[in-house]
Each structure stands twice: as C-alpha cells, then as structure tokens.
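Take a look at the letters that make up each chain.
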Amino acid sequence: VDAVGSSEADSYMGQQEAALQAELAPRGAKITRAGERIIIMIPSSSAFNANGDDITKSAQPVLDAAAGVLKKFNRTTIDVYGHTDSGGSEKKNLDLTQRRALAVAIYLAKHGIDEKRLSVTGFGASRPVGSDNTAEGRMANRRIEIQLSPISAKG
C-alpha cells in the first residue's frame with residue numbers, strides 16, 4: 001500500500017471525506033473530520049440487534065457503501081472501534097463491543113478491504129459521547145466508529 005505524503009494528506013483525506021459524505025450520510029452514518037483523520041459513526045441500534053454481534057440487513061448497505069469508498073481510497077488505515085452505554089457489566093460490555101467491531105472488520109474484509117489495513121478495538125462504555133442518564137445519551141453511546149488515517153511514509 002502506498003503512503004500518503006504529508007503535503008498531499010489533507011487533499012487526499014478531503015476527497016475521501018467528500019466521497020464518504022455522498023455515499024454514507026444518506027444511509028444514516030455520520031461523517032466527521034478530526035485533523036487528518038475521518039471518523040464514520042454508525043449507531044449500534046441500526047447495525048446490531050440488542051446484545052448481539054450479527055450485522056443487521058439494514059446496516060449492510062451502509063457497510064457496502066463504506067467498503068466501496070475504502071477500496072478507492074486505499075491509502076488509509078482503518079481502525080474499527082466498538083462502544084456501548086454503561087448498562088451491564090464492564091466485562092460484558094467490553095466483550096460485546098470487541099465482537100461487534102470484529103464483525104464490522106470481517107464484513108469489510110469480505111467486501112474487498114485488505115485485512116492489513118484493519119484493526120479492531122472494543123472500548124465498552126469507557127468513551128461515552130452522551131449522558132447515560134438519558135435514553136438519547138445511552139443511544140448515542142452505543143455505536144461503531146470507523147476511524148481512517150492516512151498511511152504515512154516511514155523514513
């Protein structure tokens with residue numbers, strides 16, 4: 001896999017972000033930019049059944065579209081992160097989020113993404129984006145994040 005030079009990283013990632021917005025946002029995924037990184041957020045409620053790690057049929061078009069864009073922009077690493085709310089035990093939450101992140105990575109690999117680009121981490125409830133004191137906050141905390149970073153040249 002070719003590296004992205006530091007001078008072209010912003011442009012390359014910007015083009016990838018635009019392609020992801022066009023393909024994934026209409027399908028319910030949220031795309032954000034954090035410096036050179038792009039984060040795709042997919043709500044777990046649309047991707048998995050409660051307490052399960054099988055990808056739902058409704059999530060497949062989102063992941064198919066993501067795989068299509070990721071194949072075109074193959075000069076990025078892909079970190080798949082699983083998150084949940086604080087309901088349940090910490091051990092159960094870590095296990096569930098790891099299995100869900102792995103399911104997404106396996107799905108992407110089966111749809112043409114080079115496994116060497118993929119890494120998987122389940123964070124359980126340790127990285128909330130909303131308050132677990134509200135239904136909306138708990139729903140926001142249950143998510144898959146796919147973080148894309150440019151592959152940089154080692155020298």
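Below or above, wherever it landed, is the structure these notes cover. Please read these numbers as outputs of a predicted model, since none were measured by experiment. (Residues numbered from 1 in each chain as written. Predicted model: local features only at pLDDT ≥ 70, side-chain atom pairs only at ≥ 80, totals over all residues. Heavy atoms only, no water.)

Brief notes about the pattern of salt bridges
Scanning the entire structure with this criterion turns up nine salt bridges. With a closest N to O distance of 2.7 Å, Arg-75 and Glu-8 form a salt bridge. Taken together, the residues span a long stretch of sequence, with Arg-75 in the loop between helix 3 (60–72) and strand 3 (76–83) and Glu-8 in the segment before helix 1 (9–24) at a distance of 67 residues. Owing to a relative accessible area of 17%, Arg-75 belongs among the buried residues under this scheme. Note that Arg-99 is salt-bridged to Asp-95, the shortest N-O span being 2.9 Å. Of this pair, Arg-99 and Asp-95 both sit in helix 4 (residues 90–110), separated by four residues, roughly a single helical turn. Of the residues examined, Arg-99 reaches a relative accessible area of 31% and is grouped as partly exposed. Where salt bridges share partners, they join Asp-10, Glu-17 and Arg-33 into one cluster. (Salt bridge = Lys/Arg side-chain N within 4 Å of Asp/Glu carboxyl O. Helix = DSSP H or I, 4+ residues; strand = E, 2+ residues; numbered from the N terminus. Buried < 20%, exposed > 50% of the residue type's maximum accessible area, 1.4 Å probe, protein only.)

Observations concerning the packing of aromatic side chains
Going through the model one piece at a time under the given rule, you end up with two aromatic pairs. Aromatic pair Tyr-12 and Phe-73: ring centres 5.5 Å apart, planes at 70°, arrangement edge-to-face. Separated by 61 residues along the polypeptide, Tyr-12 in helix 1 and Phe-73 in the loop between helix 3 and strand 3 bring together distant segments of the chain. The exposure class assigned to Tyr-12 is buried, which follows from its relative accessible area of 10%. Plain terms: the ring middles of Tyr-81 and Phe-123 are 5.2 Å apart, the flat faces sit at 70° to each other, and that makes the pair edge-to-face. A residue pair is termed long-range when its members are at least 10 positions apart, and Tyr-81 in strand 3 and Phe-123 in the loop between strand 4 (118–122) and helix 5 (135–141) qualify at 42 residues. Overall, the relative accessible area of 16% leaves Phe-123 in the buried class. Across from the ring centre of Tyr-12, 4.9 Å away, lies the NZ or CZ of Arg-75, which sits over that ring. Taking NZ or CZ as reference, Arg-127 lies 3.8 Å from the ring centre of Phe-123, over its face. (Phe/Tyr/Trp six-rings, centres within 6.5 Å; stacked < 30°, edge-to-face > 60°. Lys NZ or Arg CZ within 6 Å of the ring centre and 35° of its normal.)

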